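# Descriptive analysis of the structure
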Amino acid sequence: MSRYWSAVVHDLTPYVPGEQPKLANLVKLNTNENPYGPSPRVLDAVRAEAADTLRLYPDPGSDRLCAAIAALHGVAAEQVFVGNGSDEVLAHAFLALLKHEWPILFPDISYSFYPVYCGLYEIAYRQIPLTESFEIRVGDYLSPNGGVIFPNPNAPTGRLLALPEIECLLDGNPDSVVVIDEAYIDFGGESAVGLVARYPQLLVTRTLSKSHALAGLRVGYAIGQAHLIEALKRVKDSFNSYPLDRLAQAGALASIEDHAYFESLCARVMASRTRLASAMAEIGFEVLPSTANFIFARHPSHDGAELAASLRERRIIVRHFKNPARIAPFLRITVGTDAQIDALLAALKAIVNC
Ligand SMILES: *Cc1c(COP(=O)(O)O)cnc(C)c1O
């Protein structure tokens, strides 16, 4: 009955998120969730918020949360925007800041939600090939454009672009917005937030989904100069005044405030990443250097899709991308617990016969 659909809906190609399987006892390494739980203080805060006050609307501006995020990053509260996951923050950025006459630019291998937002908001885009070694070359992004966006570290490669390179891009591209999607920056990268004061066109987005182990709470944010944040707020207040419910605001605030727990989470994941990457290299995989909570790896004599299917038969789920063809040999594997990594390595050894 699609005759009732709008023309826009007819033409959409929606994003397909990594599978959330209903089966029990799976080793789930496909969507870059944190293998450890959130801070106990988050759970206490959410429980305390589950009260009679749920009959009341939440604070539409999430003011306490914005103030805590501002204090964390040493910026003013009007330089912070929060949303229902960074996906929502990004969606608003596409409409508020990236929809102009010129096409926007992003890497050919990158977060596959970007072209989906372009489809939804009818924004033209041009994909810039990564180098042979899957790196972003900032000189490739200096042609006239309606904006630039990429994750740093990039997804699904895990490769980090150094901060001086981002400064070069900002210096060479003063006339359109540059969005740095820092979904994975907490796992060893250096944030561009410190550049916000000097660059009026820079917007940095973050999520609590990965490094704070709160994918289920749906909280993300952006940091930029107040004029960029104002544009995001205009879109938000034309769409949904209450993107963060009471539980999300309370839980996110508690997580931001429990800095010691957060740091221990990141340290554990980074230590496990080192172990996983070297063990995979030992059994013949080529592993790209990762600054994220996942690794991107291929085996010289095994097809990526076949490896993913063989792992699945052993109840281990990883992410495989068919396109572009250049990354079809690769698997994107989330850094799990020690036990999950042991199970993965045992299965891979059996599959590649070593
Ligand atoms: C996970 C991810 C996001 C979205 O995070 P949410 O806050 O869970 O919506 C955004 N960008 C990239 C590159 C991601 O990997």
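Residues numbered from 1 in each chain as written. Predicted model: local features only at pLDDT ≥ 70, side-chain atom pairs only at ≥ 80, totals over all residues. Heavy atoms only, no water.

## Section: the domain arrangement of the protein chain
If you check the domain split of the protein chain, you get domain 1 (2-37 + 260-352) and domain 2 (40-258). Centre-to-centre, using C-alpha coordinates, domain 1 lies 23 Å away from domain 2. Contacts between the two partners involve 32 residues from domain 1, matched on the other side by 33 residues from domain 2. Together domain 1 and domain 2 conceal approximately 2,700 Å² of surface at their shared face, both sides included; 67% is due to carbon and sulfur atoms. At the boundary of domain 1 with domain 2, the tally comes to one salt bridge. R326 serves as the salt-bridge partner of D108, at 3.3 Å between the closest nitrogen and oxygen. Where domain 1 touches domain 2, the interface holds ten residue pairs in polar contact (both at pLDDT 80 or more). (Domains from an automatic or database assignment. Contact = heavy atoms within 4.5 Å. Buried area = accessible area lost by both parts, 1.4 Å probe. Salt bridge = Lys/Arg side-chain N within 4 Å of Asp/Glu carboxyl O. Polar contact = N/O pair within 3.5 Å; in protein donor to acceptor, adjacent residues only side chain to side chain.)

## Brief notes about the pattern of salt bridges
Here the structure, examined in full by the defined rule, presents 15 salt bridges. For the salt bridge of R275 with D338, the shortest nitrogen-to-oxygen distance reads 3.5 Å. With R275 in helix α9 (residues 259-282) and D338 in helix α11 (residues 338-352), the pair connects residues that are 63 residues apart, well separated along the chain. Its relative accessible area of 32% is what places R275 among the partly exposed residues. A salt bridge links E286 to R298, with the shortest nitrogen-to-oxygen separation between them at 2.8 Å. One end of the pair, E286, is in strand β9 (residues 286-287); the other, R298, is in strand β10 (residues 294-298), and twelve residues separate them in sequence. (Helix = DSSP H or I, 4+ residues; strand = E, 2+ residues; numbered from the N terminus. Buried < 20%, exposed > 50% of the residue type's maximum accessible area, 1.4 Å probe, protein only.)

## Things to note about the nonpolar core
One finds L65 and L202 to be the most contacted residues of the largest nonpolar core, which totals 52 residues. At six residues, helix α8 (residues 246-257) tops the list of elements feeding residues into this core. In this structure, this core is formed jointly by two domains, domain 1 (2-37 + 260-352) and domain 2 (40-258), each of which donates at least three residues. Ignoring sequence-local partners within four residues, the contact set of L65 consists of V82, V219, L244, A252, L253 and I256. Ranked by size, the runner-up nonpolar core spans 34 residues in total, among them Y36, A155, A213 and I283. (Core = buried A, V, L, I, M, F, W, Y, C linked by side-chain atoms within 4.5 Å.)

## Some details on the pairing of strand β4 (residues 125-128)
Direction of pairing for strand β3 (residues 104-107) relative to β4: parallel, over a ladder of four bridges. Bridging across to β4, F106 finds its partner in Q127. Read from β3 through helix α5 (residues 114-121) to β4, the crossover connection turns out right-handed. (Pairing = 2+ DSSP bridges. Right-handed = clockwise from strand over helix to strand, strands pointing away.)

## Digging into the sheet that holds strand β12 (residues 330-334)
Taken in spatial order, the three strands of this open sheet run β9-β10-β12, and their pairing is antiparallel. With one partner strand each, in any of the chains shown, β9 and β12 form the two edges of the open sheet.

## Considering the packing of helix α3 (residues 63-73) against α8
Between two packed helices, both the angle of their axes relative to each other and the distance between the axes serve to describe the pair. Orientation of α3 relative to α8, taken along the N-to-C sense of each, is 20°, at an axis distance of 9 Å. As summarised for this structure, α3 and α8 are arranged roughly parallel, according to the angle between their axes. Helix-helix and strand crossings are classified by hand; for α3 and α8 the assignment is left-handed. Contact with α3, carried on its side by R64, L65, A68, I69 and L72, involves A252, L253 and I256 of α8 and no other residues of that element. Tallied by class, residues from the contact of α3 with α8 come to seven nonpolar, no polar and one charged. (Axes fitted to C-alpha atoms, helices over the stretch in contact; angles between N-to-C directions. Parallel < 35°, antiparallel > 145°, perpendicular 65-115°, else oblique. Left-handed = near helix turned anticlockwise from the far one by under 90°. Nonpolar A, V, L, I, M, F, W, Y, C, P; charged D, E, K, R; others polar.)

## Here we look at helix α7 (residues 226-236)
For α7, the complete set of buried residues consists of L228, I229, A231, L232, V235 and K236. In an axial view of α7, the angular spread of the buried residues amounts to 155°, which keeps them on one side of the axis. Those residues of α7 hidden inside the fold are in contact with β2 (80-83), α4 (85-97), β7 (202-207) and β8 (220-224). (Arc of directions from axis to C-beta.)

## Considering the packing of α9 against α11
One way to put it is that α9 packs onto α11 with a least axis distance of 11 Å and a crossing angle of 10°. Viewed along their axes, α9 and α11 adopt a mutual orientation that is roughly parallel. For the pair formed by α9 and α11, the contact residues are S272, R275, L276, A279 and M280 on the first element and D338, I341, D342, L344, L345 and L348 on the second. Here the contact of α9 with α11 is built from residues that sort into seven nonpolar, one polar and three charged.

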